[in-house]
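Chains, contacts and geometry: an overview
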Amino acid sequence: MIDESAARALHRQVRVLCWIPSTEKQLNSKVRAVNDTWVKRCDGHVFFVDTQHHNASSDVIELGVKDGRGHLTEKSVAALAYVYEKYGKDYDWFLKGDDDAYVVVENLKFLLSHYNPDAPVYLGHLYKWHLREGYMSGGASYVLSREALRLLNVNGIRRKKCRLTGDEDMEIGRCLHDVGVSSHNTLDRFGRETFHPLNPTTHIVGPIPLNQLPQDRFKMVSGAECCSQLSISFHKVNPDLMRVVDHLLYRTSVYGRNLDMKSLQLHFMEPGIVPPP
């Protein structure tokens, strides 16, 4: 029988490090909101910020890469190298989140429990533009298995095969595919997305921006079918909304409602499905 104790056991067994690139000017706004909400449910976390305030916090690391969107790819490559060297053997999975993303860590861990962290696995919201294999949206957050992180570093970053300029999520995806790490499908069994690159209002109420539709490997829709019951992430969530969502998820209950944990065991499609070229 599947019950809450089984869910708590799974939460302990699947170990996830969450790393978030940010900027110094966001330390007291977005970074604080992330720290106050979802990131505390990760097994470990670290923020990468080019800050002059040394020792501002034990979870804030300075990489010597300038803040700003123009340096995000270089910062992410440096962060992935740091994470591998310091934490590569301590965790099963490595989630890259934005400082304006909200992640439901319990749902993330349940999805990850379907996969082997010693296989090269790359998960998130799949875009198809520019790369034949596709790549995962950086805003929606993406996840690498322990083996994927190893291959990226040993065969990619250390050999200087990863580009330091260009769109961060695309270039990380390109480098991952070059070293033999494949994209995987994260739709649930009803064909609904779990990682969401836009804010909750856009996904739930709509409309989906026209410039978003051609990017997606799978057609994005708004409304009741927009999002998996076990959704994992949303993007473009401001600090106030982040706290509201966290409160509604973790401090609010619906009297009399029971969750059918057993039915959720079949919620995700067969793991390892690679999307069509």
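Our structure is the block above this text.
The structure reproduced in this document is the subject of the present report. (Residues numbered from 1 in each chain as written. Predicted model: local features only at pLDDT ≥ 70, side-chain atom pairs only at ≥ 80, totals over all residues. Heavy atoms only, no water.)

Remarks on the overall build of the protein chain
Filter applied, for reference: Helix numbering and strand numbering both begin at the N terminus, where a helix is a DSSP run of H or I of at least 4 residues and a strand a DSSP run of E of at least 2. Buried means the residue's accessible area, taken with a 1.4 Å probe over protein chains only, is under 20% of the maximum for its type, while exposed means over 50%, and partly exposed covers the values in between. Residues count as neighbours in contact if any of their non-hydrogen atoms are within 4.5 Å of one another.
Each helix and strand counted, the protein chain has nine helices and eleven strands in total. If you line up the protein chain on its principal axes, its C-alpha atoms span 55 × 45 × 40 Å. Out of the 277 residues belonging to the protein chain, those deemed buried represent 52%. In the protein chain, of all internal contacts separated by at least 6 residues, the share reaching a separation of at least 24 is 76%.

Considerations on the state of the cysteines
Should the sulfur atoms of two cysteines be covalently bonded, the bond is a disulfide. Our working definition: The disulfide definition used here is simple: a pair of cysteine sulfur atoms within 2.5 Å.
Summed over all chains, the structure comprises three disulfides. Two residues, C18 and C42, share a disulfide whose sulfurs are 2.0 Å apart. Between C18 and C42, the S-S torsion sits near -85°, and that sign places the bridge as left-handed. One end of the pair, C18, is in strand β1 (residues 16-21); the other, C42, is in the loop between α2 (30-36) and β2 (44-48), with 24 residues separating them in the sequence. Take C18 and C42: they sit in the same class, and that class is buried.

Let's talk about the environment of L112
Note that L112 resides in helix α4 (residues 105-112). Judged by its relative accessible area of 1%, L112 is buried. For the pair L112 and V14, spaced 98 residues apart in sequence, the C-alpha to C-alpha distance is 7.4 Å.

Quick word on the side chain of E147
Mapped onto the fold, E147 is located in helix α5 (residues 146-157). Given a relative accessible area of 18%, E147 falls into the buried group. Ignoring sequence-local partners within four residues, the contact set of E147 consists of P117, D118, A119 and P120.

Some words on the packing of aromatic side chains
Keep this limit in mind: Ring geometry is summarised as follows: Phe, Tyr and Trp rings, the Trp one being its six-membered ring, pair when their centres sit within 6.5 Å, and such pairs are stacked at plane angles under 30 degrees, edge-to-face over 60 and tilted between the two.
For the structure on display, the rule yields eight aromatic pairs. Measuring from centroid to centroid gives 6.1 Å for W19 and F48, while their planes differ by 75°, and the two rings are edge-to-face. On the criterion of sequence distance, the pair formed by W19 in strand β1 and F48 in strand β2 is long-range, its members being 29 residues apart. Residue F48 is classed as buried on the basis of its relative accessible area, which comes to 0%.

Comments concerning the pairing of β2
Cut-off, in case you're wondering: For two strands to be treated as a pair, DSSP must find at least two bridges joining them. Handedness of a crossover is defined as follows: orient the strands so they point away from the viewer, and if the path from the first strand over the helix to the second runs clockwise, the crossover is right-handed.
Within β2, four of the five residues are buried, leaving the element largely enclosed by the surrounding structure. The pairing of β1 with β2 spans five bridges and is parallel. Bridged to C18 within β2 is H45. Read as a crossover between parallel neighbours, the route from β1 over α2 to β2 is right-handed.

Topic: unusual backbone geometry
Cis geometry is adopted by the peptide bond preceding P207, which originates at G206 and carries an omega value of -5°. Residue placement: P207 occurs in the loop between α7 (200-204) and β11 (233-234). Backbone geometry places K160, a non-glycine residue, at a positive phi of 55°. Looking at the secondary structure, you find K160 in the loop between α5 and α6 (168-178). Here K160 falls in the exposed class, since its relative accessible area comes to 76%.

Things to note about the pattern of salt bridges
What counts is decided by this rule: What counts as a salt bridge is simple: a side-chain nitrogen of Lys or Arg found within 4 Å of a carboxyl oxygen of Asp or Glu.
Summed over all chains, the structure comprises 15 salt bridges. Here E147 makes a salt bridge to R150, at a shortest N to O gap of 2.9 Å. Remark: R150 and E147 occur in helix α5; sequence separation between them is three residues, near one turn of the helix. The exposure class of R150 is partly exposed, given its relative accessible area of 32%. Between R192 and E225 there is a salt bridge, and its shortest N-O distance comes to 3.6 Å. A residue pair is termed long-range when its members are at least 10 positions apart, and R192 in the loop between β10 (182-183) and α7 and E225 in the loop between α7 and β11 qualify at 33 residues. According to the relative accessible area criterion, R192 is buried, its value standing at 14%.

Section: the packing of helix α3 (residues 72-87) against α5
Heads up, the condition is: Only the stretch in contact is used when a helix axis is fitted, and all axes are lines through C-alpha atoms; the angle between N-to-C directions ranges over 0 to 180 degrees. Note on convention: the crossing is left-handed when the near helix lies turned anticlockwise from the far helix by less than a right angle, right-handed when the turn is clockwise. Here the nonpolar group is Ala, Val, Leu, Ile, Met, Phe, Trp, Tyr, Cys and Pro; Asp, Glu, Lys and Arg are the charged ones; every other residue, Gly included, is treated as polar.
Where α3 meets α5, the closest approach of the two axes is 10 Å, and the angle between their N-to-C directions is 120°. At the point where α3 passes α5, the crossing takes the left-handed sense. Residues V77, L80, A81, V83 and Y84 of α3 lie in contact with α5, whose contacting residues are L149, R150, L152, N153, V154 and I157. Considered class by class, the residues forming the contact of α3 with α5 number nine nonpolar, one polar and one charged.

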